[in-house]
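An overview of the molecular structure
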Amino acid sequence: MWRGHNYMGLTGEIAAIRDGQGDPDRLVGEFRRAALLVPLADGPDDGLMSAVSGGIRWVYAFTDEEAMARFAAARGELEERAWPYVSMLGARLVDVVVPEAQGPAGVVVNVADGAGSMFFPPVAGIVPDVSAVDVDRGEAA
């Protein structure tokens, strides 16, 4: 037991949220504590593998090598090349990587897993306020 509930880890918390039984704060906490695999970009931009959708840069992160392999297979790249990656805590992704991005950025975990995936958008409570798109930065009078 952990804090009065069964410890489920990040994938368990994602499943609980998807089933309508999860706690958003617990999910974010598990995300921040999780050691995630983040593939490196293979191209002229280097850095971490990501994509832009809806004006937001989404950094790809995976809970294990199998989840990353499912993503590679979905892209038709499973056998084409080695996928180098770094391991980092979810907290480091949102506290350090996201603020360094050019424009709004978030993290998508296990993107190829359908109901097992989860988006962590650039909003207050997930990313630092300076990087959150929902924080009013209006000038004081």
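Below or above, wherever it landed, is the structure these notes cover. (Residues numbered from 1 in each chain as written. Predicted model: local features only at pLDDT ≥ 70, side-chain atom pairs only at ≥ 80, totals over all residues. Heavy atoms only, no water.)

Side note on the environment of Asp64
Heads up, the rule is: Counting from the N terminus, the helices are DSSP H or I runs at least four residues long and the strands are E runs at least two residues long. Think of it in three bands: residues with accessible area under 20% of the maximum for their type are buried, residues over 50% are exposed, and the middle band is partly exposed, with areas taken using a 1.4 Å probe on protein chains only. Definition of a polar contact: a pair of N or O atoms within 3.5 Å, with one able to donate and the other able to accept a hydrogen when the atoms are protein atoms, and with sequence-neighbouring residues admitted only if both atoms are side-chain atoms.
Here Asp64 lies in the loop between strand E3 (56-61) and helix H3 (65-74). Asp64 sits in the partly exposed class, given a relative accessible area of 30%. The sequence separation of Asp64 and Leu36 amounts to 28 residues, and the corresponding C-alpha distance is 7.2 Å. Among the polar contacts listed, one links the side chain of Asp64 to the backbone nitrogen of Glu66, at a separation of 3.2 Å.

Details of the environment of Ile126
So the rule is basically this: The contact criterion used is simple: two residues touch if any of their non-hydrogen atoms lie within 4.5 Å.
Secondary-structure assignment places Ile126 in the segment after strand E6 (118-120). A residue is classified by how much of its surface remains accessible, and Ile126, at 14% relative accessible area, is buried. When the C-alpha positions of Ile126 and Val94 are compared, they lie 7.1 Å apart, and in sequence the two are 32 residues distant. Contacts of Ile126, omitting those with residues within four sequence positions, involve Val28, Arg32, Val94, Phe120 and Pro121.

Overview of the packing of helix H1 (residues 9-18) against helix H2 (residues 24-33)
Definition in use: Axis angles are defined between N-to-C directions and span 0 to 180 degrees, where every axis is a line fitted to C-alpha atoms and, for a helix, only to the segment in contact. Each angle gets one of four labels, with under 35 degrees taken as roughly parallel, over 145 as roughly antiparallel, 65 to 115 as roughly perpendicular, and the rest as oblique. By the definition used in this description, the sense in which the near helix is turned from the far one sets the handedness, with an anticlockwise turn below a right angle giving left-handed and a clockwise turn giving right-handed.
One way to put it is that H1 packs onto H2 with a least axis distance of 9 Å and a crossing angle of 155°. Our classification of the angle between H1 and H2 gives roughly antiparallel. In this structure, the crossing between H1 and H2 has a hand that is left-handed. Taken together, the residues of H2 that come into contact with H1 (itself represented by Gly9, Leu10, Glu13, Ile14 and Ile17) are Pro24, Arg26, Leu27, Glu30 and Phe31.

Regarding the sheet that holds strand E5 (residues 105-109)
Worth spelling out the cut-off: Here, any two strands with at least 2 DSSP bridges between them count as paired.
Pairing is mixed in the open sheet, where four strands are placed in the order E2-E3-E5-E6. The strands lining the two open edges of the sheet, one partner per strand, are strand E2 (50-53) and E6. Within this sheet the neighbouring strands show an average axis-to-axis angle of 30°, counted without direction. Pairing geometry for E3 and E5, over five bridges, is parallel. Within E5, the position partnered with Tyr60 by the bridge is Val108.

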